[in-house]
Amino acid sequence: MMKEYIKINPADNVAVAITPLSKGTAIEIDGKTITLVTDIPAGHKVALQDIAAGENVIKYGFPIGHVLHDVKEGSYLDHNDIKTNLAGQLDYSDIKIKGVTAEKESAPELTFEGYERKDGQVGIRNEIWVIPTVGCVNGIVKQIVDRLNEETGAEGVDGIFGFPHNYGCSQLGDDHENTKKILRDMVHHPNAGGILVVGLGCENNQPKVFEEFCGDYDRDRVKFMVCQEVEGDEVEAGLEILRGLYDNAKGLKRTTVPASKLRIGLKCGGSDGFSGITANPLLGAFSDFLCGTQGGTTVLTEVPEMFGAETILMERCADDKLLNQTIDLINNFKQYFLSHGEPVGENPSPGNKAGGISTLEEKALGCTQKSGKSPVYGVLEYGERIHNHGLNLLSAPGNDLVASTALAAAGCQMVLFTTGRGTPFGTFVPTMKVSTNSGLAERKPAWIDFNAGVLVEDESMDEVLARFVKYVIEVASGRFVNSEKSGIHEISIFKNGVTL
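Calculation rules
- Sequence positions are assigned chain by chain, starting from 1 and proceeding in written order.
- In view of the model being predicted, local features appear only for residues whose pLDDT reaches at least 70, and side-chain atom pairs are presented and counted only at 80 or more, with totals across whole chains, interfaces and linings using the full set of residues.
- Each side-chain value is derived from all of the structure's non-hydrogen atoms; neither hydrogens nor water enter the calculation.
- Helix and strand labels come from DSSP, where a helix needs a run of H or I of at least four residues and a strand needs a run of E of at least two; each type is numbered from the N terminus.
- With a 1.4 Å probe rolled over the protein chains alone, any residue whose accessible area is under 20% of its type maximum counts as buried; one over 50% counts as exposed, and the rest are partly exposed.
- In what follows, residue pairs with any heavy atoms lying within 4.5 Å of each other are defined as contacts.
- Identification of polar contacts relies on pairs of N or O atoms within 3.5 Å, with a donor-acceptor requirement for protein atoms, meaning one able to donate a hydrogen and the other able to accept it, and with residues adjacent in sequence counted only if both atoms are side-chain atoms.
- Patch definition: residues with relative accessible area over 30% and no salt bridge; like charges joined within 9 Å; nonpolar side chains (Val, Leu, Ile, Met, Phe, Trp, Tyr) joined within 5 Å.
- Under the convention used here, a 1.4 Å probe and the Shrake-Rupley method define accessible areas, while residue burial counts only the protein chains that appear.
- Salt bridges are defined by distance alone: a side-chain nitrogen of Lys or Arg within 4 Å of a carboxyl oxygen of Asp or Glu.
- For cavity detection a 1 Å grid was placed over the protein atoms alone, and a set of points counts as a cavity when a 1.4 Å probe fits there but cannot get out; an open set counts as a pocket when protein lies on both sides within 12 Å along at least five of seven lines, with lining residues being those that have an atom within 4 Å of a point.
- Grid points are joined across faces, edges and corners, and a volume is the space filled by probe spheres set on the points.
- Amino acids outside the nonpolar list (Ala, Val, Leu, Ile, Met, Phe, Trp, Tyr, Cys, Pro) and the charged list (Asp, Glu, Lys, Arg) are all regarded as polar, and Gly is one of them.
- Working definition: a disulfide is two cysteine sulfur atoms within 2.5 Å of each other.
- Two rings from Phe, Tyr or Trp (for Trp, the six-membered ring) form a pair when their centres are within 6.5 Å of each other. A pair whose planes differ by under 30 degrees is stacked, one over 60 is edge-to-face, and the rest are tilted.
- Think of it as a cone above the ring: NZ of Lys or CZ of Arg counts as a charge over the ring if it is within 6 Å of the ring centre and within 35 degrees of the ring normal.

Draft legend 1. Up close: the environment of N392. Structurally, N392 can be placed in strand β20 (residues 390-394). Judged by relative accessible area, which is 0%, N392 ranks as buried. Once the C-alpha coordinates of N392 and V376 are considered, the two residues, 16 residues apart in sequence, prove to be 5.8 Å apart. Setting aside its immediate chain neighbours within four residues, N392 contacts T297, T298, V299, L300, G378, V379 and L380. Only 3.0 Å separates the side chain of N392 from the backbone oxygen of G390, close enough to count as a polar contact.

Have a look at this one:
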């Protein structure tokens with residue numbers, strides 16, 4: 001039986017409607033009867049007491065902003081009634097780590113069927129990728145990919161894909177470095193059994209320099225071609241190289257490997273009032289399970305959506321060095337906003353508001369639940385690859401495409417993507433959509449892979465987590481998610497500076 005409402009934390013002065021509630025409905029909370037004075041849409045907030053103008057609204061046990069006017073008990077509260085408390089950079093010198101340790105509950109060691117690479121990484125897909133160093137050769141890349149797909153039907157591999165982007169030239173400073181880092185990370189990613197890097201020759205991202213930037217790579221698995229250096233038809237030349245990579249890759253087989261080899265990205269997009277109640281806590285429970293009992297790795301990003309909940313993550317850092325890195329992670333991203341003359345609390349989106357989220361603090365407190373309760377063992381800059389097991393934090397914006405690409409580039413073999421509004425997007429690794437509510441799963445079965453909405457219906461977290469772990473292992477072992485079935489594989493690179 002679906003609940004009608006939920007009070008998330010004993011300290012909260014609001015509850016969340018699980019189903020639409022009508023004016024005049026009496027609800028029982030903490031032994032008190034509250035009569036609703038307005039209708040409350042599903043996923044939205046109802047005041048559990050009178051709240052005076054300027055007083056904080058408490059949800060998840062933390063302030064999510066203050067009310068702009070007096071609010072009566074039983075009233076509906078949304079973004080028109082609440083204002084963020086967020087401002088600029090903060091001094092976190094009083095934050096102390098709490099010495100959180102990962103839960104080491106005994107659990108059978110899980111395995112999956114993956115592709116072991118020469119560098120020790122394990123891929124969950126065996127795809128053929130064509131990566132342009134610069135947007136000028138996007139058309140060439142498309143022709144090469146289309147031709148090989150026509151010839152082979154991708155038989156024996158998990159797909160043949162090109163990854164067009166707009167960058168690689170006319171960029172300076174950090175933008176140029178960001179492009180190089182993301183493309184380099186793709187070259188080293190284990191989900192590809194063969195990679196052809198296609199350059200033009202005159203771009204800022206010079207192919208020879210970029211090849212050196214990639215460092216030590218598997219020369220049997222990765223090849224380079226510079227179009228301006230090819231005599232004659234560069235499409236045919238590229239196709240000939242790709243045929244060789246394809247022939248090598250299609251002979252590779254999956255082997256049984258431990259779940260400790262899994263690196264999973266945690267992302268949310270199109271969040272709603274259920275995100276912090278169902279899907280995000282499910283990912284948090286999964287993260288704790290993978291990191292704590294299996295020795296695996298998860299990565300949380302979307303730094304602007306940590307604002308207002310950042311101290312929770314800071315207190316869980318494994319040591320003072322990680323604490324200082326996390327403080328820099330937060331304040332550097334706030335400075336990025338401020339340097340462009342933008343407020344740090346300019347969030348949530350229209351879709352978030354329609355779904356019941358009123359302020360960035362409310363969004364952040366729901367968003368960070370994807371990290372569970374595990375300690376933070378790594379803090380990564382944008383474009384940096386994972387080097388520590390356990391929970392990691394990654395610098396990237398909240399934008400779905402950019403953040404998901406950054407997670408995959410860090411080395412995640414898949415991205416778990418919770419959503420209350422829905423999206424068809426998929427980055428260059430399997431992007432599993434987890435719905436926060438059952439209605440979305442029913443309306444968009446071609447988008448949603450797993451429904452976490454049952455957590456407010458008739459299933460316990462333990463039951464749902466067990467099913468979810470089984471499904472993740474199946475996907476890691478080769479089962480396609482919906483975005484893959486639709487042929488959606490995209491990248492998006494973070495840009496901050498000028499274009500020449």
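Draft legend 2. How the structure looks around the side chain of H66. Its place among the elements puts H66 in strand β7 (residues 62-67). There is a polar contact of 2.7 Å between the side chain of H66 and the side chain of N85. Not counting chain neighbours up to four residues away, the residues in contact with H66 comprise G54, E55, N56, V57, D81, I82, K83, T84 and N85.

Draft legend 3. Representation of a nonpolar patch on the surface. On the surface, L172, V498 and L500 cluster together into a nonpolar patch covering about 310 Å² of accessible area. One can find L500 in the segment after α13 (482-485).

Draft legend 4. Molecular detail of empty space enclosed by the protein. The full count for this structure, using the stated rule, is 2 cavities of 30 Å³ or more. Together, 13 residues line the largest cavity, and Y60, D272, G276, I357 and E362 are the ones closest to its centre. Here the lining of the largest cavity takes 4 residues from helix α9 (residues 360-367), the largest share from any one element. Here the lining of the largest cavity is built from residues that sort into 3 nonpolar, 6 polar and 4 charged. Taken as a whole, the second largest cavity spans an internal volume of roughly 50 Å³. If you go around the second largest cavity, the residues you meet are L110, A259, L262, F286, F289, L290, Q294, V469, V472 and I473.

Draft legend 5. How the structure looks around unusual backbone geometry. Phi is positive for Y60, which is not a glycine, with a value near 60°. One non-glycine residue with positive phi stands out, namely A154, at about 60°. With respect to the helices and strands, A154 occurs in the loop between α1 (138-152) and β13 (160-162). On the basis of relative accessible area, A154 is assigned to the buried category, the value being 13%.

Draft legend 6. Structural detail: the state of the cysteines. One pass over the full model with this rule turns up 0 disulfides. Here C136 is not cross-linked by a disulfide; its sulfur's nearest cysteine counterpart is in C169, at 6.0 Å. Residue C136 is classed as exposed on the basis of its relative accessible area of 57%. Not engaged in a disulfide, the cysteine C317 finds its nearest cysteine sulfur in C291; these two sulfurs lie 14 Å apart.

Draft legend 7. Local environment of the packing of aromatic side chains. Scanning all chains against the criterion turns up 15 aromatic pairs. Aromatic pair Y217 and F224: ring centres 5.5 Å apart, planes at 55°, arrangement tilted. On the basis of relative accessibility, which here comes to 9%, the residue Y217 falls in the buried class. The class for F224 is partly exposed, based on a relative accessible area of 21%. Judged by centre distance (6.4 Å) and plane angle (25°), the ring pair of F333 and F494 falls under stacked. In this pair, F333 is assigned in helix α7 (residues 320-339) and F494 in the segment after α13, connecting sequence segments 161 residues apart. Each member of the pair, F333 as well as F494, carries the same accessibility label: buried. The lysine or arginine in question, R219, covers the ring of Y217, its NZ or CZ lying 4.1 Å from the ring centre. It is K334 that lies over the ring of F307; its NZ or CZ is 5.3 Å from the centre.

Keep in mind these numbers describe shape, not what the thing actually does.
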